[in-house]
Amino acid sequence: MKPVPYAQPMIGDEEKSRVMAVLDSGMIAMGPQTAEFERKFAAYIGTDYAVATNNGTSALHVALLAAGIGPGDKVITTPFTFIASSNSILYCGATPVFADVDPRTFNIDPASVQRILDRDDDIKAIMVVHLYGLSCEMDSIMEMAESRGLLVIEDCAQAHGAQYRGRAVGSFGDVGIFSFYPTKNMTTGEGGMVVTSRKDIADKARKLINHGRCDRYLHDSLGFNYRMTDIAAAIGLCQLAKLDGFNARRRENAAVLNKLLSDLSPVILPDEPEHCLHVYHQYTIRAQRRDDLKAYLDAAGVQTSIVYPIPNTRQPLYMSNGLGQAETPVAEMLGTEVISLPIHPGLSHEDLVRISDSLHAFYSS
Ligand SMILES: Cc1ncc(COP(=O)(O)O)c(C=O)c1O
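Residues numbered from 1 in each chain as written. Predicted model: local features only at pLDDT ≥ 70, side-chain atom pairs only at ≥ 80, totals over all residues.

**Description of the sheet that holds strand β6 (residues 163–164)**
In step 1: If you walk across this open sheet you meet the 3 strands as β7-β6-β13, and the pairing is antiparallel. One side of each edge strand has no neighbouring strand; the edge strands of this open sheet are β7 (167–168) and β13 (276–277).
In step 2: In the sheet, β6 pairs with β13 via 2 bridges, with the strands oriented antiparallel. Pairing of Y164 across the sheet is with C276, part of β13. (Pairing = 2+ DSSP bridges. Helix = DSSP H or I, 4+ residues; strand = E, 2+ residues; numbered from the N terminus.)

The structure is reproduced here in structure tokens:
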């Protein structure tokens, strides 16, 4: 029997013909497709501006720089995320200050952020990561930031279309970013997007992604080549039109798994607070005997992933640069318990039953 794939980009005929049209047009680098993608993405998130980039990591880098993060600045963030989140702070010469996470939502714990703010009055920004497709507690985060004049950066790389109190993530902070890597809820192959309603940040980001260019062959600041291609943007436009449908399928799959797995006491199912709309980039459970379960599911043809086994505080890079000292026991515990099951829109009902049956078989053995 074929394995149940862990992730699967959903590319259809629309994407293929739009890419062919771009190839035939002769304009394949950044051009009209990218401009249209930026316009439509900003409208979808509800920000005034969007700037497309060649991946989510470059989007994070320019978002931080454009917001004014620089050498010596301290940015509170979560260690329970992909390494790009905190590395982008290092790229700016700034320092990540790690807060712990909530064991139910896996997201940054506002109480832990507050404890850091109470002992350190030298913090410049908070970077939240809406992990697995679930929004962080934005009321608490925005309140803490506003009362102290801190910047808020939203890493929405995993949360396209996720909502907090009916509003899309990416529209709360000073600036947000998205990734369009192939495993994400929508893809452009590789790609990213900076979103903001601050014109100064949008203008700076647009220059930073294009070698600090202010006019043709005129450069007044140091920038990069982080541009998106029109080939990628053509895919992105088709995927954006399908995003709500993809997310609905992910939510339906999650509801089926929640039901099928509800009697399994050795696992804790994902949490969806009632004021959040979860888009299930990952369907991540906490499981007893996690490593044995993963091996069993692998053998049973159910692909899974451990996202993330090691919090950034315990990565060799952060242990050696002195930033891994932070006490984040919940993030460390989660690293030993989490396992993400297939949840993508390409799954059939039979796939979901097979996933559930395999978990039941493991825990009854
Ligand atoms: C939370 C988070 N931030 C940033 C990134 C970086 O995005 P990209 O892989 O497009 O560079 C990712 C990608 O996996 C991510 O999951």
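**Comments concerning the sheet that holds strand β4 (residues 125–129)**
In step 1: Spatially, β1-β9-β8-β5-β4-β2-β3 is the arrangement adopted by the 7 strands of the open sheet, whose pairing is mixed. Looking at the sheet topology across the chains shown, the edges are occupied by β1 (49–53) and β3 (95–98). The sheet shows a mean angle of 25° between the axes of neighbouring strands, taken without regard to direction.
In step 2: Two strands pair when backbone bridges link them, and strand β5 (residues 151–155) and strand β8 (residues 175–179) are joined in this way by 3 bridges, in the parallel orientation. Across the sheet, residue I153 finds its bridge partner in β8, namely V175.
In step 3: Lying on the sheet, helix α4 (residues 83–91) is in contact with β2 (74–77), β3, β4 and β5; it crosses β2 at an angle near 175°. (Axes fitted to C-alpha atoms, helices over the stretch in contact; angles between N-to-C directions. Contact = placed C-beta atoms within 7 Å.)

**Overview of the nonpolar core**
In step 1: If you look at the biggest cluster of nonpolar residues, it comprises 107 residues, and the most contacted ones within it are V62, A63, I126, V194 and A205.
In step 2: For this core, the leading source of residues is helix α8 (residues 230–260), giving 10 residues.
In step 3: Residue-level mapping places this core at the junction of two domains, with at least three residues from each of domain 1 (13–238) and domain 2 (244–363).
In step 4: Among all residues touching V62, those that are not within four sequence positions of it are T53, V194, A205, L208, I209 and Y226. (Core = buried A, V, L, I, M, F, W, Y, C linked by C-beta atoms within 7 Å. Buried ≥ 20, exposed ≤ 12 C-beta atoms within 10 Å, placed from the backbone. Domains from an automatic or database assignment.)

**A word on unusual backbone geometry**
Excluding glycine, residues mostly have negative phi values, and the peptide bonds linking residues are mostly trans.
In step 1: V307 connects to Y308 through a cis peptide bond whose omega is 10°.
In step 2: With respect to the element layout, Y308 can be found in the loop between α9 (290–299) and α10 (316–320).
In step 3: Unusually for a residue other than glycine, H211 sits at a positive phi of about 60°.
In step 4: In this structure, H211 sits in the loop between α7 (199–208) and β10 (213–215).
In step 5: Look at H211 and you get partly exposed, because 15 C-beta atoms sit within 10 Å.

**A look at the site of the ligand**
In step 1: Surveying the vicinity of the ligand reveals 15 residues, the closest of which are N55, G56, T57, A157 and S179.
In step 2: Put simply, the parts of the chain that give the shell around the ligand at least two residues each are α3 (56–67) and α4.
In step 3: Tallied by class, the residues present in the shell around the ligand amount to 6 nonpolar, 8 polar and 1 charged. (Near = placed C-beta within 6 Å. Nonpolar A, V, L, I, M, F, W, Y, C, P; charged D, E, K, R; others polar.)

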